[in-house]
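# Results of the structural survey
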Amino acid sequence: MNFSNIFPITLALAPLALGVVWKFSNGLSTTHKSIGLTAIGALAGGLIYMRSTLEIEPSILFLASAILLSGFCVIFSQEDKQQTSAIYAPIMIVLGLSLGVLLNQGIVSRIFLGGLLGYIGISQNREQQNSFRTKIIFLHISLAIILSLGSVFIGDSLQMFASLFLAVTFLPLAPFHLPFVGTIKDAKETLSSFWIVVWLIIGLAELRALYSSLSTQMLFTLSLLALVSATYASLASLGQKFNSLFVASATVAHVALVWGLLEVFPSFPKWGIPFGITLAFVMGGVSLAFSFVRQRYGWRTLGKLPGLALPMPRFGVAMVLLVSFALFLPLFPIFSGLMVMPTIVIHDVEIVRISFLFLVVWLGGGWYFLQMLHQTAFGEARSDVPYFDLRLTEFVAVSALLLGAAYSGMIY
Amino acid sequence: MSMLEDKKGITPSESQRIELRSLVNLSCEPISHFWPMKTFIHHNPLHGLEHLTFEDAIKEGQRFLRGRGYLSNSEYRKYFQQSRISKNSINEALKDVSQNASISIGEREFSHQEVLRALLIHGAGKVATDVCSAILQPSLNQPEIRDLFEKIHNLSKKNATENFLKGHASREKKDLATQYTLAEWCDQTFGTNVQDQINGEIIKWLGGFLDEGHAPWGMPERKKTFYKAWKELVLDDASGSILGIQDWKNKILNLPNRPEDAVLESLSLLGIPKNLWDSYFSLHLAQLSGWTGFIKWRSEQTDYAWQSAFPIDLIKYMAIRLFYERELVMLACQEKLAIPGSYTSISQYLNNHPTGYGLYKEFRSRVLPDEVVNYLNMSLFAQDPLNIEDLDQCDSRLISVWEQTREKQEAEGKTLMVMHLAQSLGVSIQDVVKSTPDTLSSLLDWVEQFPESQHGPIWLEALESSYIKGFAKKISPNLEKLRKSDEIEEQPPESRPLSQAIFCIDVRSECFRRQLEEIGGNETFGFAGFFGVPICYQGFSSEQQTDQCPVLLKPKHVVKEIPRASQGKAAEKFLEGQQIAKTGHTLLHDLKENVVTPYVMVEAIGWFFGFKLFGQTLHPKWFKKAMSWMKESLAIPIRTTLTVDKIQREEAFEMVATKHRAAIYRLFTEKYDQQGAAVPHDQVERLRKLALNQIPSDSKENEELFRLLKWNESDLGQFIVALRKDFNLHERDLDYQIQQITQTGFTVSEQVNYVETALRLLGFTKTFARLVLLCAHGSISDNNPYESALDCGACGGNHGISNARTLAVMANNPQVRQMLAERGITIPPDAHFLPGQHDTTTDEVELYDLEEVPATHRKDLLRLQHDLQEAGEKNSRERLSRFPDVPATKEIDEASPLTKIRSMDWSQVRPEWGLSGHTAFIMGRRSLSQGINFEGRTFLHSYDHSQDPDGKYLEIIMTAPMIVTNWINMEHYFSTVDPVVYGAGSKVYHNVVGNIGVMYGSQSDLCVGLPIQTVFNGDKPYHEPMRLFAVIEAPLERIATIVGRHVILQRLTGNRWINLVAIDPDTKKFFNFRLMEDWQPIN
């Protein structure tokens, strides 16, 4: 094993080890926060080093940076209280595992992916629910682990299907979205924001590796599935009462755009990855903002705590900016796709299908995002609740995600 | 036994209908009248509840109208922080609610009052149950907080009450039809919007029916009354079908013809028990209290033209409302619960399924705690209709887990409250934890018994107490001076001031009077703006008459404005010009409102409106000047006078006869030229009497006419017909004209009475200056539906100049002066009464009837005009400092131009503050208030108790101006404490509807009360809501006697709608009137 192999593994194992240590120790929250931020800084440095010395694809680095930024924002926004130390360990573990997936290849990457899926599975199983839904999720994850680990040893075509299964799991496409939705729903406090970014990043990485081997027929099937997924997820978002499920459904709806436009715009890494990262940051930002409110008031139901913009102006500003961004999200892939590369020949039916997909996502998104904004930021604030606005660190964290989305969507 | 039967199918009897109508009218008691906006009348929105105490009336208002009666506690706390409320005042206010008890926490002892004070000043710290856990969670790291929580939790377990899930059903059974209607119950239970649907339909129909000339196309069939018109027209309205009402048209057709019968039918279908009808009607009427108030007012106006033409009353309104409710409630209940939408079925449902219903309510309002979600199939809540049986039979563990969760949440809430209270009291949590369970329990009970919803009355009391003490302190220097001057036995001889001015009692006059007096040589008085002369006024060339008096009075005298004798020709030209202008205006209006012509009109003359639009917006002053110049060039100036003197009947007849003779001559010359003109006067007179049927037709006597004009009988007959038809020369017209003429004006003795009353009431019976200004007031603003609210309330919401001119004419009448002298009031011959009007927006004072001013008074007049101008400028400067949109740091060199711009700026939502900020009404000598800057917050009525030994004049003041100021005060009070329900919200969203009022947006209740811009400065109240302090300088017994004679005064004072304060003339001390014979000194 040479340095180019060891270094990425080390980069992944370091936060993983830190996370495991924190999991079983009782340290001060302030210490964990400082160490966590330092670790992320070091990891970022490591990535820069990798870029300069090792030949690593820019898109991979971009994906890894996105995860680092998300982790940084979540840790940075934490208050220095004892119980928040329970957040740091999972962040570090997941950070390590996901970096391991991104920065490595072959069996090593798969092992890390298996580890990540195993961690997700354990987290799911920890929640007391014994419902049919949980069983399906558990089965799904088990299958994903098997395919992830076994894909190295099976033939190319089967490997492709295994990768596709993992891709539709991590870049959630209905009906493969259940693990994603379940994870987001059950995530503690601000972890949901981090999970959204991690899931999508891993999914984008999988799709990036897989894209070139997808046949036309498969792309067609995926685009049909994307249409169904977008419609289903948009309708689900409209009716969602819980903020975590709302964000999860909205994410699934927008991710469908990626799958749907694969058929139209070639060179997925050029438009798909920036769009995916933008989407991850925007949804992660909304989820982060919601989690701050949930931490304060234990509220997770949309509409139960309206009018937050007045007593919590920072929250109001952040939410309005995030929603405004989200409303224009569907335009980005179209715009960047059209600008960056020539399209392949599109038949009439495809235009209808793609237009319909776009409209479902865009109009649906407009509807439910604005509805959510109305239920959350606007209206009359309750007089029996003492409001505390976002702290500066929280506001900076959300703003950083927003800026990251802006960079990814408009500049990169 | 009630005569009203609710059996379907039996036609109600007439007595049942009458009883129902009475019940509906009685149920409208909580809703006050709403006058059309053309003459805005300040009134108490809870006027119908004045028989209750102030606090109780507010509670009733809250129940029916959902209106708040006090400012938010946070606002009062700001006042406390600003030292507008003192600690002593709070202690005094708490005396009535505090017990003689104390608790020990740590080493300190706290009385009940101390704890209540802490709760008042710092709040109870009560937090909503659903967020308690999250808010407390961070603090549970601290051991003392954990201990406190445990202690409180154990206490709560001991005091656990009934199953809270079932509490929903039992509460709602009790409140149904008493606290809310069935439609409201549907909305709060199912999340429907039945109430909005009902209101939407009602507003649509009312807006059309009650329109008074605003709509280009009036609603048809209005003559048939509201109910019948609706019944006919709604058949073509698809809204019923759109709302989902099945078999819409047949249901309408099957409705009874009588509205009373329709009400009874709806009540029967809704199943409302008879004993709840009155509260149910009140709840319904309160839904759209503005529209209801207007219907209530209009139905009582027997001589109101619109009501006579298109009748409406509360029963017709109720019939339609209840019809919509019964149909929509039926729909909602069938869909959601599969039960009929009636009171009985809903009550039965609640009775039979308390657990399931409680679960459903908890799910809808608070969402289920995570702990219980596992025990429940969540899809049950999403079904339509609700499968209540399944919910009833939910896992029993769920109920206990839920109870436990709820208990825990309540304990958390109480923990937060105790933590907050500990901080307020300055004790540590450890001390609280160490205290005995009884102490903790007492503390919690005290907090429960004094919730924040009950703090309002205490704060108000404290605010008022602080205010009156400060007020008394402010006046005390003047009181000292008065004491010294009253003690002097020999009063120094009085000298004539340079001028005297009688202003309205309005608060805006207070500052102007102060400025005028400070200039020197001017003496001022305060009197009701109508100057004690209630008249029905008709302006020149106007067809409308306005009642220039408080709404409490009905004027008996008509006064018309007519051109002066020398202005005959000018008047004719003026009228011609008016006619042309009116025709042009009508043409323009028709062109704009027509369906097709606006398209062409915009192209043709749209640019002209652009001139107006840009001019008004960008440079209002310049635009106004240009328009004034145009008006002056085109208008014919007319000098007018008023018909104050009553014309005797004989003279009236002669006036009409002269008019008739002139008409006959005109007809003669038209038909017969010179021959006609040569007809002798006696023949003309004969013809006149023939036309009026005053003499029989005699052939012999007619011969002269026949000879002169070569007539026969037939010609005579035709001529008389022409006289009757074309010149209205007939008996009926004669009677009408005589009545009109003799109704106008006052007899000399009436004039003497009015002048004497006015002067004696003011204590103004000697030392008259050469010029006495009777200064009325009015306001000018642009694009302001509330313009009338800024005018004189004593003049029925109009400008008061006509009253001032009337009194001036009377007071200048030599005959009147002669009779006054006989009664002991000698007005010097050189004293001239001059009418004027103070524009409260621009502070300009315009003088009228200057032709009457004697030439010898030229210099006095000049001096007065100069002083008025100077006072106006100073007053504008003072007033401008109170406008939030005028920068505080700006040096105002010339204030008048700035105030003028405010009066002509059509975007200005606040041309002036009006009566906002008022607090007190002083009835006493001017020396009591002279020189004190009340900041335009005080009504001032001149009154000298020494000249009123039997209290006759004080009684007039207390039963008229004081009542009016109380109404003004209550309107401002309630508009401030609840700008949405009792006020009119923001002007920005107002739309004028039907020429009667304004709505919010495109469709809403009629906005009652004052807009937010009148009483608020941004989000802070500008007007400090307090009950009016009526401060009277008079012997206590005299005041008490007057109160005892009038039920209305007993109600207002006894029920604390007004704070009656007396200044004892002997001791110069302040006393607060509590009950009859109970005067409490104010320290």
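The model shown is predicted, which means the values in this text are computed figures rather than measured ones. (Residues numbered from 1 in each chain as written. Chains lettered and ligands numbered in written order. Predicted model: local features only at pLDDT ≥ 70, side-chain atom pairs only at ≥ 80, totals over all residues. Heavy atoms only, no water.)

### Details of the environment of Ser 396 of chain B
Residue and element names in this part refer to chain B. Stated precisely, the cut-off is as follows: A helix here means a DSSP run of H or I that spans at least four residues, while a strand means a run of E at least two residues long, and both kinds are numbered starting from the N terminus. Only protein chains enter the area calculation, which uses a 1.4 Å probe; residues under 20% of their type maximum are buried, those over 50% are exposed, and those in between are partly exposed.
Assignment of secondary structure puts Ser 396 in helix α23 (residues 396-425). Classification of Ser 396 by relative accessible area gives exposed; the value is 57%. Taking the C-alpha atoms as reference points, Ser 396 and Asp 175, separated by 221 residues in sequence, lie 28 Å from one another.

### Digging into the nonpolar core
Selection rule: Joining through side-chain atoms within 4.5 Å is the link that ties buried Ala, Val, Leu, Ile, Met, Phe, Trp, Tyr and Cys residues into a set, and such a set is a nonpolar core. Working rule for contacts: check all heavy atoms of both residues, and any pair within 4.5 Å makes them a contact.
The biggest cluster of nonpolar side chains holds 415 residues, and the ones touching the most others in it are Trp 195 and Trp 259 of chain A together with Trp 185 of chain B. It is helix α12 (residues 268-297) of chain A that provides the largest number of residues to this core, a total of 17 residues. The residues contacting Trp 195 of chain A, other than those within four sequence positions of it, are Val 94, Leu 116, Tyr 119, Ile 120, Thr 183, Ile 184 and Ala 187 of chain A.

### A short note on a nonpolar patch on the surface
All names here are of chain B. This is how the line gets drawn: Candidates for patches are residues over 30% relative accessible area with no salt bridge; among them, like charges are joined within 9 Å and nonpolar side chains (Val, Leu, Ile, Met, Phe, Trp, Tyr) within 5 Å. Calculation of accessible area relied on Shrake-Rupley with a 1.4 Å probe; when residues are assessed, cover is drawn exclusively from the protein chains displayed. Salt bridge, as used here: a side-chain nitrogen of Lys or Arg that lies within 4 Å of a carboxyl oxygen of Asp or Glu.
A surface patch of nonpolar side chains, about 650 Å² in accessible area, is lined by Ile 605, Trp 607, Phe 608, Phe 609, Phe 611 and Trp 622. By residue number, the principal contributor to the nonpolar patch is helix α29 (residues 597-618), which donates five residues. Within the secondary structure, Trp 607 sits in helix α29.

### Some remarks on the side chain of Gln 548 of chain B
Residues and elements named next belong to chain B. Spelled out, the test is: Whenever two N or O atoms come within 3.5 Å, that pair is a polar contact, provided that in protein one can donate a hydrogen and the other can accept it, and provided that, for residues adjacent in sequence, both atoms are side-chain atoms.
Inspection of the secondary structure assignment puts Gln 548 in strand β6 (residues 545-548). Gln 548 gets classed as buried once you look at its relative accessible area, which sits at 3%. Polar contacts involving the side chain of Gln 548 include one to the side chain of Thr 546, which spans 3.1 Å. Looking at Gln 548, its side chain comes within polar contact range of the main-chain oxygen of His 799, at 2.9 Å. Residues within four places of Gln 548 in sequence aside, it is in contact with Phe 530, Val 533, Pro 534, Ile 535, Tyr 537, Ala 794, Cys 795, Asn 798, His 799, Gly 800, Ser 802 and Asn 803.

### Remarks on the packing of aromatic side chains
Basically, it comes down to this: Only Phe, Tyr and Trp rings take part, Trp by its six-membered ring, and two of them pair if their centres are within 6.5 Å. Stacked means planes under 30 degrees apart, edge-to-face means over 60, and tilted covers everything else. When the NZ atom of lysine or the CZ atom of arginine is within 6 Å of a ring's centre and also within 35 degrees of its normal, the charge is said to sit over that ring.
Counted according to the given criterion, the structure contains 60 aromatic pairs over all chains. Seen in terms of ring centroids, Trp 248 of chain B and Tyr 324 of chain B are 6.1 Å apart; in terms of plane orientation they differ by 35°. Their pairing is tilted. Of this pair, Trp 248 of chain B sits in helix α13 (residues 248-253) while Tyr 324 of chain B is found in helix α18 (residues 314-337), placing the two residues 76 residues apart along the sequence. Every member of this aromatic cluster is reached through a ring pair, and the members are Phe 54, Tyr 70, Tyr 973, Phe 974, Tyr 982 and Trp 1057 of chain B. Over the aromatic face of Phe 76 of chain A sits the side chain of Lys 33 of chain A, whose NZ or CZ is 5.8 Å from the ring centroid. Taking NZ or CZ as reference, Arg 222 of chain B lies 4.2 Å from the ring centre of Phe 310 of chain B, over its face.

### Some words on the domain arrangement of chain B
Stated formally: Residue ranges assigned to each domain were obtained from an automatic or database domain assignment.
What the domain assignment lists for chain B is domain 1 (98-160 + 421-449), domain 2 (167-352), domain 3 (362-392), domain 4 (565-638) and domain 5 (649-743). Measuring from the centre of the C-alpha atoms in domain 1 of chain B to the corresponding centre in domain 4 of chain B gives 71 Å.

### Regarding the confidence of the model for chain A
Test applied: The pLDDT score gives, residue by residue, the confidence of the prediction method on a 0 to 100 scale.
Scored by pLDDT, chain A has a mean of 85; 91% of the residues are at 70 or more. The least confident element of chain A is helix α14 (residues 331-340) of chain A, whose mean pLDDT is 60; the most confident is helix α9 (residues 191-210) of chain A, at 92.

### Looking at the pairing of strand β2 (residues 108-111) of chain B
All names here are of chain B. Filter applied, for reference: A pair of strands counts as paired when DSSP detects no fewer than two bridges linking them.
The sheet contact formed by strand β1 (residues 102-105) and β2 spans four bridges and is antiparallel. Directly across from Ser 102, in β2, lies its bridge partner Ser 111. Hairpin remark: β1 followed by β2, antiparallel, with two residues in the connecting loop; positive phi at Gly 106, about 65°.

### Points about helix α2 (residues 29-53) of chain A
Heads up, the rule is: Helix span, expected: 1.5 Å multiplied by one less than the number of residues in the helix.
For α2 of chain A, built from 25 residues, the straight-helix expectation of 36 Å at 1.5 Å per residue is met to within 8% by its first-to-last C-alpha distance of 35 Å. For α2 of chain A, the complete set of buried residues consists of Ser 29, His 32, Lys 33, Gly 36, Leu 37, Ala 39, Ile 40, Leu 43, Gly 46, Leu 47 and Met 50 of chain A.

### Re the confidence of the model for chain B
Residues and elements named next belong to chain B. Considering every residue of chain B, the mean pLDDT works out to 89; 96% of them sit at 70 or more. Overall, residues 1-7 carries pLDDT values under 50, and its contacts beyond four positions in sequence, including any with other chains, amount to 17 contacts. Taken over the whole predicted complex, pTM reads 0.86, whereas the ipTM for its chain interfaces reads 0.81.

### Concerning the interface of chain A and chain B
The accessible area lost on association of the parts is a frequent measure of interface size. What counts here: Throughout, buried area stands for the accessible area (probe radius 1.4 Å) lost by two parts on being put together, summed over both.
Counting residues at the interface gives 18 residues for chain A and 16 residues for chain B. Of the roughly 1,200 Å² buried at the junction of chain A and chain B (both faces included), carbon and sulfur atoms supply 53%. Seen at the junction of chain A and chain B, the total is one salt bridge. The closest approach of N and O atoms between Arg 382 of chain A and Asp 130 of chain B, which form a salt bridge, is 2.9 Å. In this structure, the connection of chain A to chain B is made through two residue pairs in polar contact (both at pLDDT 80 or more).

### Remarks on the pattern of salt bridges
Any two side chains of opposite charge can pair if their charged atoms end up close together. Residues and elements named next belong to chain B. Counted according to the given criterion, the structure contains 65 salt bridges over all chains. Among the ionic pairs, Arg 564 bridges to Glu 852, the shortest N-O distance being 2.5 Å. Of this pair, Arg 564 sits in the loop between β7 (557-563) and α28 (568-593) while Glu 852 sits in the loop between β11 (844-847) and α40 (858-880), and the two are 288 residues apart along the sequence. Judged by its relative accessible area of 15%, Arg 564 is buried.

### A closer look at the sheet that holds strand β8 (residues 640-642) of chain B
Residue and element names in this part refer to chain B. Keep this limit in mind: Here an axis means a line fitted to C-alpha atoms, over the contact stretch when the element is a helix, while the angle between two N-to-C directions is reported on a 0 to 180 degree scale.
Taken together, four strands build an open sheet; the order of strands is β6-β5-β7-β8 and the sheet is mixed. One side of each edge strand has no neighbouring strand; the edge strands of this open sheet are β6 and β8. Neighbour to neighbour, the strand axes of the sheet diverge by 25° on average, direction disregarded. Where strand β5 (residues 535-538) meets β7, four bridges bridge the pair, whose relative direction is parallel. By the bridge assignment for β7, Tyr 537 is matched with Val 559.

### A word on the sheet that holds strand β9 (residues 771-778) of chain B
All names here are of chain B. Strand order in the open sheet formed by five strands is β4-β3-β9-β10-β11, with mixed pairing between adjacent strands. Of all strands in the sheet, those with a lone pairing partner are β4 (522-527) and β11, marking the two edges. Each neighbouring strand pair of the sheet contributes to a mean axis angle of 30°, computed without reference to strand direction. Each of β3 (499-504), β4, β9, β10 (832-839) and β11 is contacted by α40, which is oriented at about 35° to β9, the strand it contacts most.

### Brief notes about helix α35 (residues 731-743) of chain B
Residue and element names in this part refer to chain B. Over its 13 residues, α35 runs 18 Å from end to end, which matches the ideal 18 Å to within 8%, given 1.5 Å per residue. Its buried side turned inward, α35 meets β7 and α31 (649-677). Just downstream of α35, Gly 745 is the residue with a positive phi angle, here 90°.

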